[in-house]
Every structure is written in C-alpha cells, then in structure tokens.
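Here's the letter readout for the chains.
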Amino acid sequence: MLVAMANNKLIMASAVMGDVGPFICPCCRLPVIYKHGNYRIPHFSHKQSKIRSS
C-alpha cells in the first residue's frame, strides 16, 4: 500500500523522511512497516502475524 497513518495523519510512502512512525494501516488499524530499496517503489506492508492456522 502507498498510504499509511502516522501520528493520526495520512502519509504517502514516497514522502517518508527520517524517523517517522509507527505506521498504522488506515483500513484495518493494524501495524504496517515501511519498505524501500533500490528496485521497488517505497511502500507499506502489513506485519506478518505470528499466529498460523493448520
């Protein structure tokens, strides 16, 4: 996703500068992490759940 919430404000992944966070998904209100690199555009991703169903 390209948009998340930080400090109760929507923030674009391309506008993240410095140590901003924690980030929250605006839809489900769960924590997300900021990802960026040399080959992909900056984006947010949901944290993986430690609970696994069998």
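One structure accompanies this document, and this report is about it. What you are looking at is a predicted structure, and each value in this text was computed from that prediction instead of being measured.

### Comments concerning the overall build of the chain
- On a plain count of helices and strands, the chain comes out with zero helices and five strands.
- Along the chain, from the amino end to the carboxyl end, the secondary structure elements read β-β-β-β-β.
- Sorting the 54 residues of the chain into buried and exposed places 20% on the buried side.
- Partitioning the intrachain contacts of the chain with sequence separation of at least 6 by distance along the chain shows that 28% fall at a separation of at least 24.
- As displayed, the chain has an accessible area near 4700 Å², and 56% of this comes from carbon and sulfur atoms.

### Points about the environment of K35
- Among the structural elements, K35 can be located in strand β4 (residues 31–35).
- What makes K35 partly exposed here is its relative accessible area of 37%.
- Along the chain, K35 and S45 lie ten residues apart, while their C-alpha atoms are 7.2 Å from each other.
- If we skip the residues at most four places from it in the chain, K35 touches I41, P42, H43 and S45.

Definitions and limits used
Residues numbered from 1 in each chain as written. Predicted model: local features only at pLDDT ≥ 70, side-chain atom pairs only at ≥ 80, totals over all residues. Heavy atoms only, no water. Helix = DSSP H or I, 4+ residues; strand = E, 2+ residues; numbered from the N terminus. Buried < 20%, exposed > 50% of the residue type's maximum accessible area, 1.4 Å probe, protein only. Contact = heavy atoms within 4.5 Å. Areas by Shrake-Rupley, 256 points an atom, 1.4 Å probe, with all protein chains shown as cover.

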